[in-house]
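# Understanding the architecture of this molecule
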Amino acid sequence: MKNSMVDLSALRFNQICILSLVLLGFVLNQPALPAGVALVLLAGSIMPELALFKLIYRHVIKPLGLMRPHTVIESPAPHEFAQMLGGTVLAVGSGILFSGHGVAGWSVAWCVVFLAAANLFFGFCAGCFVYYQLGRFGVPGFHPRSSEE
Amino acid sequence: MDISIGGRVVIAIVLLGGFVLASRLVSVVITRHLRILSGNRIDARPGCPELLYFWTNECTLCKPQELQIAQARRILERSGVKVRVRRINAHEDAALVHSMGVMTVPTTVVLDQEGKVSAWNPGLTSARRIVHQLGGVAGQGSQVMGTAVG
């Protein structure tokens, strides 16, 4: 995947939304919230124009000046992969929750909370970690690009 | 689970707080482990503190990391602290990647004057943190931080 303009503030807002909505879902014991977040993440991975949190950032947060844009030219692939990974894990957790297994379902959902928190608080992107490791092991689709590209 | 909202808030705070503490603890343990190993396993260049910066081409946070490193370097140089920054493509130097415990990109590793690991940072690390770590091994941590804040 080629480099393109990536707004890091949009990614940060995405993480804030994931973290706060899943936490709210846990506190209120509402599986619909992590399920909704999973839907948003997966839809955004398949069709970027459906990425609701990024749309809110673009049309509300940025125009209101609540977050300053921080745009860089980089590869968006690891973060898009992270979004799909997070959405898949949350979808599995939500499925377990709807089947009535509260402890197991929230445990899976909390994995996403921890990973979003690691990204927000420590700059550690779990999806980027998996993406890098898959590239190291030569998994097709994750091959590292040469330095000359 | 039949737990009240208050109980769930407490659980959430404990879990998040525990996660933050555990993450810090893991970072400290890995840094100490690498420090023990680094005495004879890496291509160290003793003399002045060195920052190893691991990056790849397909990395969203590497450009911002480079900006943070450049900012940290400016602050340190203004304070008279000389540092070396070594950029390493994490897909090309497998031996160094392995010996420095690089799991993700970007990763920054601070080496002291003797070439031993002093700090290990997986993920995007702020200029402030890099200044603190490099200033610390140069023996001018508080002085440099004062300049950075000012």
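Residues numbered from 1 in each chain as written. Chains lettered and ligands numbered in written order. Predicted model: local features only at pLDDT ≥ 70, side-chain atom pairs only at ≥ 80, totals over all residues. Heavy atoms only, no water.

### Overview of the layout of surface pockets
- The calculated volume of the largest pocket comes to roughly 780 Å³.
- Looking at the lining of the largest pocket, the elements that each hand over two or more residues are α1 (8-28) and α5 (102-122) of chain A together with α1 (5-41), α2 (62-78) and β4 (117-122) of chain B.
- Considering only enclosed or pocket space, the second largest pocket measures out at about 480 Å³ in volume.
- Among the elements of the structure, β1 (4-7), α1, α2 (32-46), α3 (52-61) and α4 (77-98) of chain A are those that each provide at least two residues to the lining of the second largest pocket.
- Per-element tally for the lining of the second largest pocket: the top contributor is α4(A), with five residues.
- Tallied by class, residues from the lining of the second largest pocket come to ten nonpolar, five polar and five charged. (1 Å grid on protein atoms, 1.4 Å probe; cavity = no way out; pocket = protein on both sides within 12 Å on 5 of 7 lines; lining within 4 Å. Points joined across faces, edges and corners; volume = space filled by probe spheres on them. Helix = DSSP H or I, 4+ residues; strand = E, 2+ residues; numbered from the N terminus. Nonpolar A, V, L, I, M, F, W, Y, C, P; charged D, E, K, R; others polar.)

### Topic: a nonpolar patch on the surface
- A grouping of Leu24(A), Leu28(A), Ile5(B), Val9(B) and Ile13(B) is seen on the molecular surface, where their side chains present a nonpolar patch of about 430 Å² in accessible area.
- Residue assignment for the nonpolar patch shows that the elements contributing at least two residues are α1 of chain A together with α1 of chain B.
- If one sorts the elements of the nonpolar patch by residue count, α1(B) sits on top with three residues.
- Residue position: Leu24(A) is located in helix α1.
- When its relative accessible area of 41% is taken as the criterion, Leu24(A) is described as partly exposed. (Patch = residues over 30% accessible without salt bridge, like charges linked within 9 Å, V, L, I, M, F, W, Y side chains within 5 Å. Areas by Shrake-Rupley, 256 points an atom, 1.4 Å probe, with all protein chains shown as cover. Salt bridge = Lys/Arg side-chain N within 4 Å of Asp/Glu carboxyl O. Buried < 20%, exposed > 50% of the residue type's maximum accessible area, 1.4 Å probe, protein only.)

### Thoughts on the nonpolar core
- Core analysis: the biggest nonpolar cluster contains 34 residues, and Ile18(A), Leu90(A) and Trp110(A) have the highest contact counts within it.
- Contributions of two or more residues to this core are made by α1, α2, α3, α4 and α5 of chain A together with α1 of chain B.
- Those residues in contact with Trp110(A) that sit more than four places away from it in its chain are Leu23(A), Phe26(A), Ala12(B), Leu15(B) and Leu16(B). (Core = buried A, V, L, I, M, F, W, Y, C linked by side-chain atoms within 4.5 Å. Contact = heavy atoms within 4.5 Å.)

### Some thoughts on the side chain of Thr104(B)
- By the element assignment, Thr104(B) lies in the loop between α3 (94-99) and β3 (107-111).
- Residue classification places Thr104(B) among the buried positions, given a relative accessible area of 2%.
- Polar contacts involving the side chain of Thr104(B) include one to the main-chain amide nitrogen of Phe129(A), which spans 3.5 Å.
- Among all residues touching Thr104(B), those that are not within four sequence positions of it are Phe124(A), Cys125(A), Cys128(A), Phe129(A), Tyr132(A), Pro122(B) and Gly123(B). (Polar contact = N/O pair within 3.5 Å; in protein donor to acceptor, adjacent residues only side chain to side chain.)

### Remarks on the confidence of the model for chain A
- Here chain A averages 88 in pLDDT, while 94% of its residues score no lower than 70.
- When pLDDT is averaged over each helix and strand of chain A, the minimum, 80, is found for strand β2 (residues 71-74) of chain A and the maximum, 95, for α2(A). (pLDDT = per-residue confidence, 0-100.)

### Side note on the confidence of the model for chain B
Residues and elements named next belong to chain B.
- With 85% of its residues at a pLDDT of 70 or more, chain B shows a mean pLDDT of 84.
- Averaged pLDDT values over the elements of chain B bottom out at 48 in helix α5 (residues 141-149) and peak at 94 in strand β1 (residues 50-55).
- Across residues 146-150 the pLDDT falls below 50, and counting only partners more than four positions away or on other chains, this stretch makes five contacts in the model.
- As a predicted assembly, this complex carries a pTM of 0.80 together with an ipTM value of 0.79.

### A few points about the interface of chain B and chain A
- Contacts between the two partners involve 34 residues from chain B and, on the opposite side, 42 residues from chain A.
- Together chain B and chain A conceal approximately 3,200 Å² of surface at their shared face, both sides included; 67% is due to carbon and sulfur atoms.
- Between the two partners, chain B and chain A, sit zero salt bridges.
- Across the contact surface, chain B and chain A share six residue pairs in polar contact (both at pLDDT 80 or more).
- Of all elements in the fold, only α1 and α2 of chain B reach the threshold of two or more residues within the side of chain B that touches chain A.
- The biggest single contributor to the side of chain B that touches chain A is α1(B), with eleven residues. (Buried area = accessible area lost by both parts, 1.4 Å probe.)

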